[in-house]
Amino acid sequence: MSAKKSETSGAGAMLDRRRLLMTGTAAFLISAAGVHSVVAQQAGDPIRKLVLVTAAQAADPQEFQAAQLVAQEWRKLGLDVEVRGMPRPQLSDLVWFSRDKWDTTMWRMVGRPERSDPDEVVYSLFHSANREKGYNFVGYNNPTYDKVAEDQRRELDLPKRKALINQAQDIIVRDQPYLFLVYPKNVAAYLSNVWKKESVVDQSGIGIRNFWTFVGLDPVGTQKDIVCNATEAMVALNPLYVSGAIDSWVTDLVWDRLMRVGPDGLPKPWAAESATWVNPTTLDVKVRKGMVWHDGKPVTLDDVIFSFEAPAGDKSPMYKPFVANIAKVEKSGDDTVRFTLKEANSSFLTATLSKINLVPKHVWEPILQKLAGTPQTAEQQQEQQPIGSGPFKVSRFKLQEEIVLEKNAQHWSAPKADRWIMRIVTNTEAALGMLRRGEVNFLSDYRGDPKLLEDIAKQNKAVEVASTVDMGFRFVAPNLRRPPFDDIKFRKALELSINKNLMAQAAWNGFAVPATSHVSSALAAWYKPEPFKPSLDEAKKLLQDAGYRVVGGKLHYPAGVKETLTPN
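Parameters and conventions
Residues numbered from 1 in each chain as written. Predicted model: local features only at pLDDT ≥ 70, side-chain atom pairs only at ≥ 80, totals over all residues. Heavy atoms only, no water. Salt bridge = Lys/Arg side-chain N within 4 Å of Asp/Glu carboxyl O. Helix = DSSP H or I, 4+ residues; strand = E, 2+ residues; numbered from the N terminus. Buried < 20%, exposed > 50% of the residue type's maximum accessible area, 1.4 Å probe, protein only. Core = buried A, V, L, I, M, F, W, Y, C linked by side-chain atoms within 4.5 Å. Contact = heavy atoms within 4.5 Å. Pairing = 2+ DSSP bridges. Axes fitted to C-alpha atoms, helices over the stretch in contact; angles between N-to-C directions. Polar contact = N/O pair within 3.5 Å; in protein donor to acceptor, adjacent residues only side chain to side chain. 1 Å grid on protein atoms, 1.4 Å probe; cavity = no way out; pocket = protein on both sides within 12 Å on 5 of 7 lines; lining within 4 Å. Points joined across faces, edges and corners; volume = space filled by probe spheres on them. Nonpolar A, V, L, I, M, F, W, Y, C, P; charged D, E, K, R; others polar.

> Looking at this model, I keep getting lost on the pattern of salt bridges. Mind explaining?
When the charged atoms of two side chains with opposite charge come close together, those side chains can pair. The tally for this structure, following the rule as stated, stands at 39 salt bridges. Put simply, Lys49 and Glu82 hold a salt bridge, and the shortest N to O gap is 3.0 Å. In this pair, Lys49 is assigned in the loop between β1 (43-46) and β2 (50-55) and Glu82 in strand β3 (residues 81-86), connecting sequence segments 33 residues apart. On the basis of relative accessibility, which here comes to 23%, the residue Glu82 falls in the partly exposed class. The residue Arg447 makes a salt bridge to Asp445 at a minimum N-O spacing of 2.9 Å.

> Is there a simple way to think about the nonpolar core in this case?
Core analysis: the largest hydrophobic core is formed by 131 residues, its most contacted members being Phe137, Leu258, Phe308, Phe339, Trp420 and Met422. With seven residues, the top contributor of residues to this core is strand β5 (residues 179-191). Aside from chain neighbours lying at most four places away, what touches Leu258 is Pro269, Trp270, Ala271, Ala272, Val285, Val287, Val304, Phe308, Phe339, Leu353 and Leu358. Residues Ile47, Met106, Leu494 and Trp508 belong to the second largest nonpolar core, which totals 35 residues.

> Could you clarify how one ought to interpret the sheet that holds strand β9 (residues 272-279) in this entry?
In a beta sheet, neighbouring strands are held together by backbone hydrogen bonds and run either parallel or antiparallel to one another. The strand order β9-β10-β12-β11 describes an open sheet built from four strands, whose pairing is antiparallel. Of all the strands in the sheet, just β9 and β11 (326-331) have a single pairing partner and so form its edges. Put simply, the sheet's adjacent strands are angled 20° from each other on average, direction ignored. Against the sheet, helix α9 (residues 301-309) contacts β10 (282-287), β11 and β12 (336-341), and its axis sits at roughly 170° relative to β11.

> I'm lost on the side chain of Thr336 in this one. Help?
Here Thr336 shows up in strand β12. Of note is the side chain of Thr336, whose polar atom sits 3.1 Å from the side chain of Asp335.

> Any chance you could explain the layout of surface pockets here in plain terms?
A water-sized probe, rolled over the atoms, reveals where empty space remains. Considered as a void within the structure, the largest pocket measures approximately 490 Å³ in volume. Around the largest pocket, the lining comprises 27 residues; the ones closest to its centre are Asp117, Arg161, Leu266, Thr350 and Trp526. Listed by contribution, the elements that provide at least two residues to the lining of the largest pocket are α6 (158-175) and α11 (348-353). The element best represented in the lining of the largest pocket is α6, accounting for four residues.

> Any chance you could explain empty space enclosed by the protein here in plain terms?
In total, this model carries seven cavities of 30 Å³ or more according to the counting rule given. Roughly 360 Å³ of internal volume is contained in the largest cavity. Contributing to the lining of the largest cavity are 24 residues, with Trp107, Arg108, Ser243, Gly244 and Ala245 lying nearest its centre. At the level of elements, α3 (88-97), β4 (104-109) and α8 (245-254) are the ones that each hand at least two residues to the lining of the largest cavity. Residues of the lining of the largest cavity, tallied by class, amount to 15 nonpolar, three polar and six charged. What the second largest cavity holds in volume is close to 280 Å³. The wall of the second largest cavity is formed by 22 residues, among which Arg108, Asn186, Arg209, Asp470 and Arg474 lie closest to the centre. Residue assignment for the lining of the second largest cavity shows that the elements contributing at least two residues are β4, β5, α8 and β18 (473-478). For the lining of the second largest cavity, the element with the most residues is β5, which contributes four residues.

Here is the structure:
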C-alpha cells in the first residue's frame, strides 16, 4: 500500500508538475504574445527592404565584398537589405541623375591632385548649395556646416584655417551624412623592362598612376606605348564634366590647366608662366606663349577667360562650385589675365586654377549657346573629336572599350612615350593575365587581392608593385532624402555596426586603413584623427533609445511613423 500510495503520490506529483509546466508554458506564451503585442503597439511601420547599390563584383570585388559585409551587419539590426551590383556607368547614372530614386550606395572619393587641398571635400561634398546637381548628392543640409565650409575658404591664416577644417570634420562625424569605411591603398604595377624605374613618380596621396608619371615615363627600349587598364568603362570624355575617376585620368592628359599640383602636393605653374597675388582678392596670371589647340588653332587669352566663364552658368554644375567665387576675369596685358575674386580664397591656386580645364572657345561657345534655354547641360555633350591643348591628344576612343591618345609633339612638355592606350578590362583576373603576358605594361587600375599581384612580382622580376594610401576614401552614402536615412541616430547606428578594421582586412586584404572622416590621413597637415569603436550592441541600444523597435525579427520605425516608400 505504501508503495502504491507512494506510486500514486508520485504520479500525482508528475501530473501536478505537468499541469504546472503546461500552465506555466501557457502563461509564458500569453506573456510572450502580450509582450509581442505591446512591442508591436509601440512600433511604427516595418522598414521596407533597403537596397544597397554597388559596382558589379567582377569589376570591383573589393567594393562588392565590402557591401556584403555592410549588409551582413545591418541585417543583425533587423533590417532587410539587398545588395545590388551593377555596371559603374549605370550606377553613376542612377546615383547622380536620379537623386531621389535610391536608398544607399557604395561610393568612393578618389584621390586627385587638386584635392591635396581639402577645400573640395570640405566645401563641395557637403555644402547645401551643391545638393541639386553638384557633389552633395546625398542631400546633406546644415546651415552651421555651410558657414564653416565658407569660412575656411576665406581664411588666409593657416592655423586658423586648419582649425576650421577640423571643425568641419567634427560636424560631419556628428551628423554622419556618410558612413566612412576605409582610406584605400592605391595598388599599381608596371614592367621595369619597358619603363625606366627612375621615370616613375610616386605622388603623395595618389600613387604612381598620375599625370607626372604618364608624361615622364622613359622607355627602356623600342616599346614606346604606355598600355594601361581600367576596370570600368568611361562615362564621358568631356572637359566640362567630372564624370568619374577613369575619365579624369584622360582629361588630365588631354586638357591643360593654368596650374598643376606637383608631386609634392603644392600647386605650380603649368599653362601659366606665373601667378602673382596683387592683393587677397586679385590675382594676375601670365599665360604661357605659343600654346596651340589640337586642331591647330592658337590658344588665346579669350580662350582662357572663356574656360572660367563657361562653368559659371547652369550648364556645367559639377564645375560651377570651383568658379563661384570669381567676380570677373579679364585681360590685363598682352599675355596676362586678371582674376578678381568676390572674397579671399585660400585654396584658389589648387582648387580652381589646378582644376579648371582650358577649353577652346571656338568649340564650346556654340555648344553652350545651343543649350541655352533647354534643360540639357554640357554634361550630356560628347565631342566627336575632343580638342584640348594638353601633352596628349585624342586619336580614337570608344568609351566602353579603349582610349588611344597620341603624343602631342608640339607641347612644351611633350611626353617621351608615343602613345597612351587605356584598355577597359572589367574583369580583374583578366587584367592580371594581361600584365603577365605583357599586353598591359602599366597596371593602372587594380581592385583585386594585392597579394596576388605581389606573387606575380615574385615570379617575374620585371613587375614592380607600388602601393600608396589614397587621399580619397571609400564610404557608404545614405540618401538623406529618403527615410529612415534622414534620421541622424539611424545613420549613426548603421555606422556603429560596421567593423572598419575587419573591413580593411577582409575586403581590402589589409591594403587600406580605417576611415573616420572626409579628410584623409594621407593629408597629414589637415587630418584630425577621430575616435571610433564599432559596437553592434551600442548600435541596437541607439536604435532602441531613438524609438525603433524589433518586432518579429524586423526593425520598425518609431511609433506613429509610416513607411512611405517601396523598395526601389
